[in-house]
Amino acid sequence: MGGDKAYSSHRNRRYLRRRQIKHTIPEPRDQRANRKRRGSKGGRPTGFTSEIYKRRNEVERTINRLKNSRAVATRYDKRAHVFHGTVTAAAVRLWLQS
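A brief structural summary. (Residues numbered from 1 in each chain as written. Predicted model: local features only at pLDDT ≥ 70, side-chain atom pairs only at ≥ 80, totals over all residues. Heavy atoms only, no water.)

**Considerations on the environment of Arg32**
Step number 1: For Arg32, the position within the fold is in helix H2 (residues 29-37).
Step number 2: Given a relative accessible area of 33%, Arg32 falls into the partly exposed group.
Step number 3: Each C-alpha atom of the pair Arg32 and Pro45 lies 8.0 Å from the other, and the pair is 13 residues apart in sequence. (Helix = DSSP H or I, 4+ residues; strand = E, 2+ residues; numbered from the N terminus. Buried < 20%, exposed > 50% of the residue type's maximum accessible area, 1.4 Å probe, protein only.)

Pasting the structure below:
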């Protein structure tokens, strides 16, 4: 799971850890400074991998580009297989444009 800085609270991280969900959430500077200031009571550093975070960003941008297609963004299709075809057609169009 990838998340942005808005989901970096200790409570969210603990929730994910308890459910054994791997996450990559960057730690804001102020939280990092507070943790270091507290020393050993500040807790462990977050498990942040910038490479995984970059890949998350690529996926998020691609989804946003897919949503530029009106049919994908509004999802007028009632059946899942029809919507899947709409998304596939939008993805092929993106691929051909690049």
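**What to know about the packing of helix H3 (residues 50-66) against helix H5 (residues 80-97)**
A pair of packed helices is captured by two measures, namely the crossing angle of their axes and the spacing between those axes.
Step number 1: Two elements in contact, H3 and H5, have axes whose closest approach is 10 Å; the angle formed by their N-to-C orientations is 105°. In terms of their interaxial angle, H3 and H5 are classed as roughly perpendicular. When H3 is examined against H5, the residues Thr62, Arg65 and Leu66 are found in contact with a partner set consisting of Val87, Ala90, Ala91, Leu94 and Gln97.
Step number 2: Residues of the contact of H3 with H5, tallied by class, amount to 5 nonpolar, 2 polar and 1 charged. (Axes fitted to C-alpha atoms, helices over the stretch in contact; angles between N-to-C directions. Parallel < 35°, antiparallel > 145°, perpendicular 65-115°, else oblique. Contact = heavy atoms within 4.5 Å. Nonpolar A, V, L, I, M, F, W, Y, C, P; charged D, E, K, R; others polar.)

**Comments concerning a nonpolar patch on the surface**
Step number 1: Nonpolar side chains collect at one region of the surface, where Val92, Trp95 and Leu96 lie side by side and expose about 370 Å² of accessible area between them.
Step number 2: Mapped onto the elements of the fold, Val92 is located in helix H5. (Patch = residues over 30% accessible without salt bridge, like charges linked within 9 Å, V, L, I, M, F, W, Y side chains within 5 Å. Areas by Shrake-Rupley, 256 points an atom, 1.4 Å probe, with all protein chains shown as cover. Salt bridge = Lys/Arg side-chain N within 4 Å of Asp/Glu carboxyl O.)

**Points about the pattern of salt bridges**
Step number 1: The full count for this structure, using the stated rule, is 1 salt bridge.
Step number 2: Where Glu60 meets Arg56, a salt bridge forms, and the shortest distance between an N and an O atom there is 3.0 Å. Of this pair, Glu60 and Arg56 both sit in helix H3, 4 residues apart, which is roughly one turn of that helix.
Step number 3: According to the relative accessible area criterion, Glu60 is partly exposed, its value standing at 38%.

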